[in-house]
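Structural features, examined
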Amino acid sequence: MKTANKNDFGKSPEIKQITWEARCLSAPAVRKYCKKCGRKTDFVSSGQFRINAQKKSLDIWLIYRCAACKTSWNAEVFSRISPQRMPDGMLERFTRNDETLAAQYAMDCDFLRRNGVDPGTPSYNVSGEEFSLEEQVVLTIKSPQALPVKVSAIIREKLKLSQRVFSDLASEGKIRSIPEKDLNKCRLNHGIIVIFN
Ligand SMILES: [Zn+2]
């Protein structure tokens, strides 16, 4: 007896919903002019916070160090914040240099941009089901951290597409995003929805 599948009933194939999760594996270094080295170098998060108390408010920074000479640079986390205004347990996490919290800031591109530096490309991986271009797919790509990686790089790598094939598909409208963005240029940040048809 032949096993029926859904296509035997003349239905159009269903649109697949697929989710990929991108994860930052290590915090990006930031390129910055180092006074001691006299040139632009990579500054790397030390994983340590610096807290200064003045009157009733606190200044909190994440300390970065030049990879070449260890000169420090402080990225501002909070300026003149009242400890009462901080969520419960937060100050304690800053005080003991909580590793997860430090990594969260070091991987937060908005935080780095607010501090006037451009993050480099972090190392990352992408988990989720692969698919072929023959399928109709609504692909959601999510990232818990704001990931400054090009959407095209993530899709090309995962589906093993050349730059040429990807940009042809994008210009023919066979790959598009919601909301509509330039898929050759846009970066993932927290996520995007991409339609393949
Ligand atoms: Zn230096």
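So, here is what we can say about the structure in this document. No experiment lies behind these values; they were computed from the predicted model shown. (Residues numbered from 1 in each chain as written. Predicted model: local features only at pLDDT ≥ 70, side-chain atom pairs only at ≥ 80, totals over all residues. Heavy atoms only, no water.)

**Structural notes on the coordination of the zinc ion**
As a reminder of what qualifies: Only nitrogen, oxygen and sulfur atoms count as donors, using a 2.8 Å cut-off from the metal that widens to 3.2 Å for Na, K and Ca. Water is left out, so coordination shells may look unfilled. A four-donor site is called tetrahedral if each angle lies between 85 and 135 degrees; a four-donor site is square planar, and a six-donor site octahedral, when trans pairs exceed 155 degrees and the remaining angles lie between 65 and 115; all other cases are labelled irregular. Secondary structure counts use DSSP, requiring at least four H or I residues in a row for a helix and at least two E residues in a row for a strand, with both numbered from the N terminus. Residue burial is assigned from relative accessible area. The probe radius is 1.4 Å, only protein chains are included, and a residue is buried under 20% of its type maximum, exposed over 50%, and partly exposed in between.
Each protein donor to the zinc ion is listed here as Cys34 (SG), Cys37 (SG), Cys66 (SG) and Cys69 (SG); together their distances run 2.3 Å. Every donor counted, the four donor atoms about the zinc ion form angles of 103 to 117° at the centre, which fits tetrahedral coordination. Mapped onto the sequence, the residues coordinating the zinc ion show the spacing C-x2-C-x28-C-x2-C. Of this pair, Cys34 sits in strand E2 (residues 30–34) while Cys66 sits in strand E4 (residues 57–66), placing them 32 residues apart in sequence. Like Cys34, the residue Cys66 is buried in the burial classification.

**Here we look at unusual backbone geometry**
Note that the residue after Ile178, namely Pro179, is joined by a cis bond; omega there is -10°. The residue Pro179 is located in the loop between strand E8 (175–178) and strand E9 (187–196) in this model. Positive phi values are uncommon outside glycine, yet Asn97 reaches one of about 50°. Residue placement: Asn97 occurs in the loop between helix H1 (90–95) and helix H2 (99–106). In this structure Asn97 comes out as partly exposed when scored by relative accessible area, which is 23%. In this model, Lys160 sits at a positive phi of 55°, which is unusual for a non-glycine residue. Here Lys160 shows up in the loop between helix H4 (151–159) and helix H5 (163–171). Taking relative accessible area as the criterion, Lys160 reaches 67% and is therefore assigned exposed.

**Observations regarding the pattern of salt bridges**
Our working rule: Any Lys or Arg side-chain nitrogen located within 4 Å of an Asp or Glu carboxyl oxygen qualifies as a salt bridge.
Overall, the coordinates contain eleven salt bridges when judged by the stated rule. Here Lys16 ties to Glu135 by a salt bridge, and the two come within 2.8 Å at their closest N and O atoms. Taken together, the positions of Lys16 in strand E1 (residues 16–26) and Glu135 in the loop between strand E6 (123–127) and strand E7 (137–150) put the pair 119 residues apart, joining distant regions of the chain. A relative accessible area of 30% means that Lys16 is categorised as partly exposed. Judged by relative accessible area, which is 25%, Glu135 ranks as partly exposed. The partner of Lys160 in a salt bridge is Glu130, and the shortest N-O contact between them spans 4.0 Å. A residue pair is termed long-range when its members are at least 10 positions apart, and Lys160 in the loop between H4 and H5 and Glu130 in the loop between E6 and E7 qualify at 30 residues.

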